[in-house]
Amino acid sequence: SQPPVILTNPQSASILVGSSAYLNVVAVGGLPLSYQWQVNGTNLSDNGRITGSQSSTLTLTNVGTGDAGDYKVVITNLYGAATSSVAGLVIGLAEVWSGVVSGNWDTNTLNWWSSGSPAAYGQGNWVIFDDTLSGTASVVLTTALAPGGIILSNSLSNYLFSGSGSLTGRGGLV
């Protein structure tokens, strides 16, 4: 019989605070295969928010910033062990565009709402462009920005992005 061989490693992800994360591995080898997920080198166990800590799919619900880290899984059987590559999980806060001060998207201007208060954009945070804006929908990129992800959830507001700045990062466009 064969030791475990990983066919598909878990993938890194960038997600929003309060959402769910799913990490999956595909392995073959002599049965039975045993799984143990780890974060930053510490074994995980199932609790109210974590399920699948000893299966091929790890699920974390209602994630918080403390859930960010490097995840991997160790798979064992009677013939050996295999460890997956690390999947980084980035958890971001969300800021909602208001555009009340100006159209500038930078790290200084209070053009965002966060936790019910005006805020400046924080690098790495998720950003949301929706229909709740009370200012301009013309967004000027003034510098290099690296959001955790961008959510466009608008049906009434037509956003226009311009400027000499740039958008980079590991996050996605939703």
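The following refers to the structure shown. Each chain carries its own residue numbering, running from 1 in the direction its sequence is written. Predicted model: local features are reported for residues with pLDDT of at least 70 only, side-chain atom pairs are reported and counted for 80 or more only, and whole-chain, interface and lining totals are derived from all residues. Just so you know, side-chain values use all the structure's heavy atoms and leave hydrogens and water out.

**Structural notes on the sheet that holds strand S16 (residues 126-130)**
Strand order in the open sheet formed by five strands is S15-S14-S12-S16-S19, with mixed pairing between adjacent strands. Strand pairing shows two members of the sheet lacking a second neighbour, strand S15 (117-119) and strand S19 (149-153), which therefore form its edges. Adjacent strand axes in the sheet meet at a mean angle of 35° when their direction is disregarded. Strands are treated as partners if at least two bridges between them are detected by DSSP. Strands are runs of DSSP state E lasting at least 2 residues, helices are runs of H or I lasting at least 4, and numbering of each runs from the N terminus. Pairing of strand S14 (residues 112-114) with S15, which is carried by three bridges, proceeds in the antiparallel orientation. For Trp113, the partnering residue across the bridge sits in S15 and is Pro118. Where helices are involved, their axes are fitted lines through C-alpha atoms of the stretch in contact, as for all axes, and angles between N-to-C directions lie from 0 to 180°.

**Observations regarding the packing of aromatic side chains**
Two aromatic rings, drawn from Phe, Tyr or Trp (for Trp, its six-membered ring), form a pair once their centres lie within 6.5 Å of each other, and the interplanar angle then sorts them: stacked below 30 degrees, edge-to-face above 60, tilted otherwise. Applying the stated rule across the entire model yields ten aromatic pairs. Between the aromatic rings of Trp112 and Tyr121, the centroid separation amounts to 6.1 Å while the plane-to-plane angle is 45°, which identifies the pairing as tilted. Summarising the burial analysis for this pair, Trp112 and Tyr121 share the class buried. Accessible area is worked out with a 1.4 Å probe on protein chains only. A residue is then buried under 20% of its type maximum, exposed over 50%, and partly exposed in between.

**Describing unusual backbone geometry**
Along the chain, Leu31 connects to Pro32 via a cis peptide bond; the corresponding omega equals 0°. In this fold, Pro32 is placed in the loop between strand S4 (26-28) and strand S5 (34-39). Look at Asn40: it is not a glycine, yet its phi comes out positive at around 50°. Structurally, Asn40 can be placed in the loop between S5 and strand S6 (42-43). The class for Asn40 is exposed, based on a relative accessible area of 52%.

**Points about a nonpolar patch on the surface**
Together, Val5, Leu7, Val26 and Val28 make up a nonpolar patch on the protein surface, roughly 310 Å² of accessible area in all. Elements supplying a minimum of two residues to the nonpolar patch: strand S1 (5-8) and S4. Examined against the element boundaries, Val28 turns out to sit in strand S4. Put simply, a patch holds well-exposed residues, over 30% relative accessible area, that have no salt bridge, with like charges counted together within 9 Å and Val, Leu, Ile, Met, Phe, Trp or Tyr side chains within 5 Å. Computed with a 1.4 Å probe, the accessible areas rest on the Shrake-Rupley method; for each residue, only the protein chains presented here act as cover. By definition here, a salt bridge exists when the distance from a side-chain nitrogen of Lys or Arg to a carboxyl oxygen of Asp or Glu is within 4 Å.

**Some thoughts on the nonpolar core**
Within the largest apolar cluster, 22 residues are counted, with the highest numbers of intra-cluster contacts made by Leu58, Tyr71 and Ile75. Secondary-structure elements contributing two or more residues to this core are strand S3 (21-24), S5, strand S8 (57-60), strand S9 (69-77) and strand S11 (87-92). Those residues in contact with Leu58 that lie beyond four places of it in its chain are Ala21, Tyr22, Leu23, Trp37, Leu44, Ile50, Thr51, Gly52, Ser53 and Tyr71. For this analysis, a nonpolar core means a set of buried residues of the types Ala, Val, Leu, Ile, Met, Phe, Trp, Tyr and Cys, connected via side-chain atoms within 4.5 Å. Should any heavy atoms of two residues lie within 4.5 Å, those residues are considered in contact.

**Details of the pattern of salt bridges**
All told, the structure shown has one salt bridge when counted by the stated rule. Here Arg49 makes a salt bridge to Asp67, at a shortest N to O gap of 2.9 Å. Of the two residues, Arg49 sits in the loop between S6 and strand S7 (50-51) while Asp67 sits in the loop between S8 and S9, which places them 18 residues apart along the sequence.

**Some words on the side chain of Gln38**
With respect to the helices and strands, Gln38 occurs in strand S5. Excluding residues that lie within four positions of it along the chain, Gln38 makes contacts with Asn43, Leu44, Asp70, Tyr71, Lys72 and Val74.

**Concerning the sheet that holds S7**
With antiparallel pairing, the three strands of this open sheet are ordered in space as S3-S8-S7. Of all strands in the sheet, those with a lone pairing partner are S3 and S7, marking the two edges.

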